[in-house]
Amino acid sequence: MLEKIKSFVLDTADIYFGKRVTRGAAALAYYLTMTIFPLLICLYSMLGSQYRQAMQILGVVQNFIAEDTFTTLEDFLAYVASSNSTAMLIAALLVLITSASAAFRSFEMTVGDIQGQMRFRGVGGFIISLLFSVVFLAAVYLSILIMLTGSWFLSFVDKWLPFVNISKSWTWVRFLILFGVVFLMIYFFYYVTVPKNRPYQVTKGALTATGAMVVVSIVFSVFISASAKYPLVYGSIASIILLMLWLYLASYVLIMGEVINIVLRDRKEKAFLNNAFPENNSADD
């Protein structure tokens with residue numbers, strides 16, 4: 001068992017150092033940073049220009065990001081509420097779709113380098129990246145609906161099943177829903193990059209990445225809160241730097257989840273070949 005774990009870790013390390021995972025994570029984090037503020041504008045419009053509801057949704061991620069970063073997002077949302085216009089929404093949609101599709105292409109190129117081939121290229125890859133942007137926006141909208149209407153549904157369940165008393169756990173249920181939505185998005189992210197001629201399962205990597213992303217985000221938030229005041233060092237851009245650092249960590253986890261899938265694929269293929277052709281294995285020994 002220990003030998004298998006050691007071999008798995010070494011295989012993962014070979015990909016990590018050989019394929020420049022950190023470079024891919026940095027590129028992905030850059031494009032994801034470009035999506036955050038346009039997404040807040042779209043979020044406000046999705047909620048029918050209801051500032052209170054927008055803040056309620058934004059508050060769900062408060063425990064996962066640095067306090068200074070959350071304050072900046074909160075201030076930006078207040079600015080959007082005071083300056084909302086059709087032109088702002090159109091511009092936000094254009095930037096969001098452009099940056100989200102660029103993030104997908106960046107991730108696909110990194111994964112293609114790791115797994116040895118890209119599933120989509122050229123015009124096809126560009127179209128798929130645009131479709132991903134639409135799916136991403138739809139997933140956000142669905143999450144918002146669940147967050148806003150879920151408590152009503154739980155209250156309805158309590159009415160007919162009083163012994164369950166689930167509505168008091170809505171705060172925790174929201175985080176479970178958020179976990180599920182993140183998992184589905186990561187799963188989709190992985191699934192569409194799997195080459196057709198060499199398929200592999202992505203569930204284990206998606207679960208690992210989702211759990212690791214939650215843990216890393218919480219630890220990062222606690223660490224930043226307990227550390228020195230970053231505005232004293234970086235000034236007014238401290239919150240943006242912290243946001244980019246958090247997105248870099250999230251991107252790093254996202255790519256490493258796919259690395260786990262690819263390592264599992266390679267080990268499974270190697271085991272199959274060893275079982276199918278034991279004489280080759282003996283000759284190598």
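Bear in mind the structure is a predicted one, so any value in this text is a computation, not a measurement.

How each quantity is defined
- Residues numbered from 1 in each chain as written.
- Predicted model: local features only at pLDDT ≥ 70, side-chain atom pairs only at ≥ 80, totals over all residues.
- Heavy atoms only, no water.
- Helix = DSSP H or I, 4+ residues; strand = E, 2+ residues; numbered from the N terminus.
- Contact = heavy atoms within 4.5 Å.
- Patch = residues over 30% accessible without salt bridge, like charges linked within 9 Å, V, L, I, M, F, W, Y side chains within 5 Å.
- Areas by Shrake-Rupley, 256 points an atom, 1.4 Å probe, with all protein chains shown as cover.
- Salt bridge = Lys/Arg side-chain N within 4 Å of Asp/Glu carboxyl O.
- Buried < 20%, exposed > 50% of the residue type's maximum accessible area, 1.4 Å probe, protein only.
- Expected span 1.5 Å × (residues − 1).
- Core = buried A, V, L, I, M, F, W, Y, C linked by side-chain atoms within 4.5 Å.

Visitor: Help me understand the environment of Cys42 in this model?
Guide: Along the chain, Cys42 falls in helix H2 (residues 21-46). As a C-alpha pair, Cys42 and Leu89 span 47 residues in sequence and 6.5 Å in three-dimensional space. Ignoring anything within four residues of it in the chain, the contact list for Cys42 reads Leu89, Ala92, Leu93, Leu96 and Leu137.

Visitor: Can you help me understand a nonpolar patch on the surface in this one?
Guide: A cluster of nonpolar residues, Met1, Leu2, Ile5 and Val9, forms a patch on the protein surface that exposes about 480 Å² of accessible area. Looking at where Val9 falls in the secondary structure, it is placed in helix H1 (residues 2-18).

Visitor: Would you mind showing me how to read the environment of Val95 here?
Guide: Within the fold, Val95 resides in helix H5 (residues 86-115). Val95 gets classed as partly exposed once you look at its relative accessible area, which sits at 37%. The sequence separation of Val95 and Thr35 amounts to 60 residues, and the corresponding C-alpha distance is 7.2 Å. Setting aside residues up to four positions removed in sequence, Val95 forms contacts with Met34 and Pro38.

Visitor: Where do I start with H1 in this structure?
Guide: One turn of the α-helix equals 3.6 residues, which is why residues spaced by three or four share an orientation. A rise of 1.5 Å per residue sets the reference length of H1, with its 17 residues, at 24 Å; its end C-alpha atoms lie 24 Å apart and thus fit the reference within 8%. Arg20 occupies a position one or two residues after H1 and carries a positive phi of about 55°.

Visitor: Explain the nonpolar core to me, please; I cannot follow it from the model alone.
Guide: One broad trend across soluble globular proteins is that nonpolar side chains are buried collectively. Ranked by internal contacts, the top residues of the largest apolar core, which has 60 residues, are Phe107, Tyr190, Leu254 and Val259. Those residues in contact with Phe107 that sit more than four places away from it in its chain are Leu28, Phe189, Tyr190, Thr193, Leu254, Ile255 and Glu258.

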